[in-house]
Amino acid sequence: MPTNFTVIPVKDNARKGKEGDEDEDVDDNNALKEEGEPTGDGVPKENSPFINNTDHDKGNSYDGTNMALFEEEMDSNPMVSSLLNKVANYTNLTQGAQEHEEADEDEGPKKKAVKSPQMGTFMGVYLPCLQNILGVILFLRLTWIVGTAGILESLAIVGLCCSCTMLTAISMSAVATNGVVPAGGSYYMISRSLGPEFGGAVGLCFYLGTTFAGSMYILGTIEILLTYIVPKAAIFVAERKEDEVNALLNNMRVYGTCCLTLMAIVVFVGVKYVNKLALVFLACVILSILAIYAGVIKTIFDPPVFPVCMLGNRTLQNHNFNKCLKTDVVNNLTVTTELWQLFCNGSELNATCNEYFMNNNVTEVQGIPGLTSGVISENMWSQYGPLGMLVENQKIESVGGSDPAQDIYMPYVVNDITTFFTLLVGIYFPSVTGIMAGSNRSGDLRDAQKSIPIGTILAIATTSVIYITCVVLFGACIDGVLLRDKFGDSVKGNLVIGTLSWPSPWVIVIGSFFSCCGAGLQSLTGAPRLLQAIARDGIVPFLQVFGHGKANGEPTWALLLTAGICEIGILIASLDAVAPILSMFFLMCYLFVNLACALQTLLRTPNWRPRFKYYHWALSFLGMSLCLALMFISSWYYAIVAMAIAGCIYKYIEYRGAEKEWGDGIRGLSLNAARYALIRLEEAPPHTKNWRPQLLVLLNLDSDHGVKHPRLLSLTTQLKAGKGLTIVGNVLEGTYLTKDTEAKKAEQNIKSAMSTERTKGFCHVVVSSNLRDGISHLIQSAGLGGMKHNTVLMAWPGAWKQANDPQSWRNFIETIRETTAAHQALLVAKNVDSFPTNQDRLGQGTIDVWWVVHDGGMLMLLPFLLRQHKVWRKCKMRIFTVAQMDDNSIQMKKDLQMFLYHLRLDAEVEVVEMHDNDISAFTYEKTLMMEQRSQMLKQMQLSRTEREREAQLIHDRNTASHATVNDMADAGPDRVHMTWTKDKLFTERNRNRECNTNVAVRDLFNMKPEWENLNQSNVRRMHTAVKLNEVVVNKSQGAHLVLLNMPGPPRNRGGDENYMEFLEVLLEGLNRVLLVRGGGREVITIYS
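Just so it is clear, the structure is predicted and the values come from calculations on it, not from any experiment.

A. Representation of the overall build of the protein within the structure. When its secondary structure is counted, the protein shows 34 helices and 15 strands. Here the protein holds 1088 residues, and 51% of them are scored as buried. When contacts within the protein are restricted to residue pairs at least 6 apart in sequence, those whose partners lie at least 24 apart make up 81%.

Structure below.
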């Protein structure tokens, strides 16, 4: 849709005088400033011409009157005129220059002026793609592929591979035209579209593919040199026919290593010469192809003479004889020929000869019968075969009688490898790679967004036409036995495709030789730069050394590694074995280019606005599927290895924590998946079988915003083990406008502590006018949709008695009330700093559960979850329950054991009996201390200092009084406050009312005068706490952890301070305690 802009001139006389002077001071490279300058939010600036590029503008104070309304924003937001000037002058970076997003901090603040690129579509994209696509496979293997697979299956191979690259080119065009693509090509596109993990994995695979491509081109160069140019230069010469293959491979290894060394030196010394020679190498390729077409036309009226000697229907190697005859007549005498001596044990006519040789005639067939000969019908169908299979013409009659064991020593043309369709796909595919050459040069293009799609697609279309026509023309002009002769042994060692060319076979031989040399040099030039780009991104730490190079930026170390990996391919020595390897890596790269396009299209990210419009997600998925299919068609085991390598690199980058944020599609996909899952996730509570504690951890921070109790995070990690939801929250007092910096610092400190303690979850820091409201907001609003917490974990306020502000313990009690109102479970860790760290391994010990009231089964579930972690794995679980006087302890134990059996929990069971005894003097004294302290703090309006002094006096006096009391006297309450069932609860209340009137009478002779006025409810509660504490300490003092039901706070807020005293007495003498309060629902079940 066209967009119209209207520019409205604004007169500003006050500005005119300054603009001329200030414009001269503006750096032309303003658009190329480096990243890393922090903004107000603590996030590094994105290096872009669109935002934050205002350093020079800050000095230009705005004095005008027309825009006075916006003058306060000039420091952060540039004027539109300034913005447009920067955008217009923004250019791509040239090859070898540093990527604009990844500028090193140690470089100076200014860069050298970047020369504006001037390359167009033809020179910058079309010709480089043409040069990289057409190459060694076309000249050395295509005729053999046509002869082996037949014309129809060869067209299928070419169609599959070319369709794959065309679909990939369409996807690549969309990705490449979606914004500026600096130098880096496919790696840059994939990493910025799919994230650093995929980018690093696929980038390294692409690097390995490019490196092995260099090996393939070098092997092609040596094959042409030793087979067709100077065969006598071979160092290893086979004395027997069966040793020829090994001799050839050894020659390839020696000469290939020498060639690799020479090419690496050339690249190291002067890469500029490689770039200058690129056009020469391209000219060789084009001339060779023109020579092929000229030769095809010439076969119509004058086919070249390349006879193939046949013995019966078998093709003979024409190296050691000149005449295709058994005997010849010389001076009226019949004499044997050189061919006779190859099959007989002497030159005499009566010598013993090979049986097949004697039974069959020798004939000559025309190797290139011509376009109009009708040979195309014979070459339509495939002729696959095993290693060592003879190349035969089935239309020629032959008489059997040969010994297959002796045939391998005869000069027949045979298959050097086992052939089948999928093998040929893997060998052919490298001939369609090279489509990234244009995008790799994006920094040198005048208009990359226009040139890359047009040039790449035209190059693929051109090469596809060339390959398809070559398949048809080869099958129509060349005889089948010559097509299947891979090395041209039947035509005196000529290159098969060279026999077809005009004016001479040497045109193709020399052209293909220089083409392979050039392609090898280009690979050794491009691969180190790709590795250097990956290393400089910093996403793979162990590769950082390869980001350095010479003073001019040439990647020396990367070149050495590339040469080393390339040598592995050279040592393999077989072109047919190396080709499938690089096919895997290129196919994986193309697969992820298609995935990037499809993902961005389906996600409809706001930044996805490619200028190339002729793409569709279905085409990208088709291309991706085709790439995956070709990988497994070519070689399923190579495909698995390549995917394993990419997977290992991906997991390594993920494990090391890639800190790059490139706005990639995988994060967009994660966001969409999370949104979809949250919408699907019902807000209703999960089924009991799926219930697990989703924690809201309330942390306390010190004055420097450091975490006070990091062991609380350790406990969270041990309890969750990375499963479910964990939200770590904190509240800062104040207003957000004044505390935003502190909030961010606190959040960073909490995240750092979470990372140290390996706590996987989210951090949420709230700024509120007071702590009470902030905690309330967290409990109410933390989480999203159905993904909300159901359990609150907090530390016991250990210093509540010494706290200057009573709000510390009031906030604690109010938090308990709010979690109860919200139907959320509550966990309170006492002495949390003594809890084990994640590195500790507790030895043989116990986790003791004191099950006093049933609150949904949390007490049973928590030890089970803790024991899944390595810290608690060796601990045994013990469950204690309290029996009263009218309970059957033996039956209770049996029932509890059966209950645990159905729950599939392994635990020891013990029933503790608590009898009704008199209330001890110690209990009265503790209650008196509690009530006096409470009354004093309530009724006297004292200053903070006076209140502390008065509280200390009361404490000292009561401590002295307490010393005279026999606190070990056995006494019991009227009833235990905590019960098992509702019926017992009502019975307990009635009996308490009856007994309350008798308390004073029963203890008449032991009562002190000040005890008479005590609240009897407080006395009973204190007695419960004292007696239960005695029992728990007696049984569980040596336990690694004690889990205990947490009694609820009083409904009347007037007794809040007493509630804290009750809990303090209940927990006295215990080291690690976890108070548990259920959320009002069952969390564990006996059903499957």
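So, next bit.
B. A look at the sheet that holds strand E10 (residues 825-830). Taken in spatial order, the 10 strands line up as E8-E7-E6-E9-E10-E15-E14-E11-E12-E13 in an open sheet, and their pairing is mixed. Taken across any chain shown, the strands that pair with only one partner, and hence form the sheet edges, are strand E8 (762-768) and strand E13 (908-913). Put simply, the sheet's adjacent strands are angled 20° from each other on average, direction ignored. Where strand E6 (residues 695-698) lies against strand E7 (residues 726-733), 4 bridges are found, and the strand directions are parallel. Bridge pairing in E7 places leucine 695 opposite threonine 726. Each of E6, E7, strand E9 (791-795), E10 and strand E15 (1073-1077) is contacted by helix H23 (residues 710-720), which is oriented at about 170° to E6, the strand it contacts most. Contacting E6, E9, E10 and E15, helix H26 (residues 807-821) crosses the sheet at an angle of about 170° to E9.

C. Molecular detail of helix H24 (residues 736-756). For H24, spanning 21 residues, the distance from its first C-alpha to its last is 28 Å, which sits close to the expected 30 Å at 1.5 Å a residue. A bend of about 35° at glutamate 742 is the largest found in H24. At the C-terminal side of H24, arginine 758 shows a positive phi close to 60°.

D. Inspection of the pairing of E10 at higher detail. Counting buried positions over the 6 residues of E10 gives 6, a clear majority of the element. The side-chain alternation of E10 yields two buried faces, one formed by Ala825, Leu827 and Ala829 and the other by Leu826, Val828 and Lys830. Summarising the sheet, E9 and E10 pair through 5 bridges and their orientation is parallel. When the sheet's bridge partners are listed, threonine 791 is paired in E10 with alanine 825. With 5 bridges joining them, E10 and E15 adopt antiparallel strand pairing. Note that in E15 the partner of leucine 826 across the bridge is arginine 1077.

E. A look at the environment of proline 503. Structurally, proline 503 is set in the loop between helix H16 (496-500) and helix H17 (505-537). Its relative accessible area of 58% is what places proline 503 among the exposed residues. It is 9.4 Å that separates the C-alpha atoms of proline 503 and lysine 298, two residues lying 205 residues apart in sequence.

F. Local environment of the packing of aromatic side chains. Inspection of every chain in the model, using the stated rule, returns 19 aromatic pairs. Relative to phenylalanine 586, the ring of phenylalanine 206 lies with its centre 5.6 Å away and its plane at 75°, an arrangement referred to as edge-to-face. With phenylalanine 206 in helix H6 (residues 185-229) and phenylalanine 586 in helix H19 (residues 575-603), the pair connects residues that are 380 residues apart, well separated along the chain. You'll find phenylalanine 206 and phenylalanine 586 in the same group, each marked buried. Ring centres 6.3 Å apart and planes at 15° place the aromatic pair phenylalanine 212 and phenylalanine 585 in the stacked group. Taken together, the positions of phenylalanine 212 in helix H6 and phenylalanine 585 in helix H19 put the pair 373 residues apart, joining distant regions of the chain. Both residues of the pair, phenylalanine 212 and phenylalanine 585, belong to the buried class.

G. How the structure looks around the state of the cysteines. As enumerated under the stated definition, the model contains 2 disulfides in all. Two residues share a disulfide in this structure: cysteine 309 and cysteine 324, whose sulfurs sit 1.9 Å from each other. Torsion about the S-S bond of the cysteine 309 and cysteine 324 cystine: about 80°, corresponding to right-handed handedness. In this pair, cysteine 309 is assigned in strand E1 (residues 307-311) and cysteine 324 in the loop between strand E2 (314-315) and strand E3 (327-330), connecting sequence segments 15 residues apart.

H. Geometry of the environment of serine 515. Turning to its location among the elements, serine 515 is positioned in helix H17. Take serine 515: its relative accessible area is 5%, and that puts it in the buried class. For the pair formed by serine 515 and alanine 283, sequence separation is 232 residues and the distance between their alpha carbons is 8.8 Å. Contacts of serine 515, omitting those with residues within four sequence positions, involve Leu134, Gly135, Phe139 and Val285.

I. A look at a positive patch on the surface. Judged by side-chain charge, Arg758, Arg841, Lys870 and Arg873 come together as a positively charged surface patch. Relative to the assigned elements, arginine 758 resides in the loop between H24 and E8.

J. Spotlight on the sheet that holds E2. Strand order in the open sheet made by the 3 strands is E2-E1-E5, with antiparallel pairing throughout. The sheet is open, and its two borders are formed by E2 and strand E5 (362-366), each paired with just one other strand. Examined bridge by bridge, E1 and E2 share 2 bridges and lie antiparallel to one another. Within E2, the residue paired with leucine 311 across the bridge is arginine 314.

K. Up close: the pattern of salt bridges. All chains considered together, the criterion is met by 16 salt bridges. We note a salt bridge from glutamate 378 to lysine 395, for which the minimum N-O separation is 3.5 Å. Placement of the pair is glutamate 378 in the loop between E5 and helix H11 (404-407) and lysine 395 in the loop between E5 and H11, with a sequence separation of 17 residues. Here glutamate 1064 makes a salt bridge to lysine 830, at a shortest N to O gap of 3.9 Å. Of the two residues, glutamate 1064 is situated in helix H34 (residues 1056-1067) and lysine 830 in strand E10; the sequence distance between them amounts to 234 residues. Via salt bridges that share partners, Arg141, Glu223, Asp416, Lys486 and Asp576 belong to a single interconnected network.

L. Representation of unusual backbone geometry in the model. Look at the link from tryptophan 502 to proline 503: it is a cis peptide, with omega at 10°. Not every positive phi belongs to a glycine, and asparagine 332 is a case in point at roughly 65°. You can see asparagine 332 is positioned in the loop between E3 and strand E4 (333-336). Despite not being glycine, asparagine 831 shows a phi value in the positive range, around 55°. Checked against the element boundaries, asparagine 831 lands in the loop between E10 and strand E11 (845-851). By relative accessible area, which is 33% here, asparagine 831 ends up partly exposed.

M. Summary view of helix H12 (residues 421-428). Of all 8 residues in H12, 6 are buried, a share of seventy percent or more. Against the buried residues of H12 lie helix H4 (136-140), helix H5 (142-176), helix H14 (448-477), H19 and helix H20 (617-634).

N. Spotlight on the nonpolar core. Core analysis: the largest hydrophobic core is formed by 160 residues, its most contacted members being Met216, Tyr428, Phe429, Tyr467, Phe474, Ile478 and Phe592. Looking at this core element by element, the count peaks at 22 residues for H6. Each residue touching phenylalanine 429, except ones within four places of it in the same chain, is listed here: Cys161, Cys164, Ser583, Phe586, Leu587, Tyr590 and Leu630. Listed in part, the 53 residues of the second largest apolar core include Leu699, Val728, Leu866 and Leu896.

About the criteria used
Residues numbered from 1 in each chain as written. Predicted model: local features only at pLDDT ≥ 70, side-chain atom pairs only at ≥ 80, totals over all residues. Heavy atoms only, no water. Helix = DSSP H or I, 4+ residues; strand = E, 2+ residues; numbered from the N terminus. Buried < 20%, exposed > 50% of the residue type's maximum accessible area, 1.4 Å probe, protein only. Contact = heavy atoms within 4.5 Å. Pairing = 2+ DSSP bridges. Axes fitted to C-alpha atoms, helices over the stretch in contact; angles between N-to-C directions. Expected span 1.5 Å × (residues − 1). Bend = angle between axes of the 7 residues up to and from the residue. Phe/Tyr/Trp six-rings, centres within 6.5 Å; stacked < 30°, edge-to-face > 60°. Disulfide = S-S within 2.5 Å. Patch = residues over 30% accessible without salt bridge, like charges linked within 9 Å, V, L, I, M, F, W, Y side chains within 5 Å. Areas by Shrake-Rupley, 256 points an atom, 1.4 Å probe, with all protein chains shown as cover. Salt bridge = Lys/Arg side-chain N within 4 Å of Asp/Glu carboxyl O. Lys, Arg positive; Asp, Glu negative; His and termini not counted. Charge placed at Lys NZ, Arg CZ, Asp CG, Glu CD. Core = buried A, V, L, I, M, F, W, Y, C linked by side-chain atoms within 4.5 Å.

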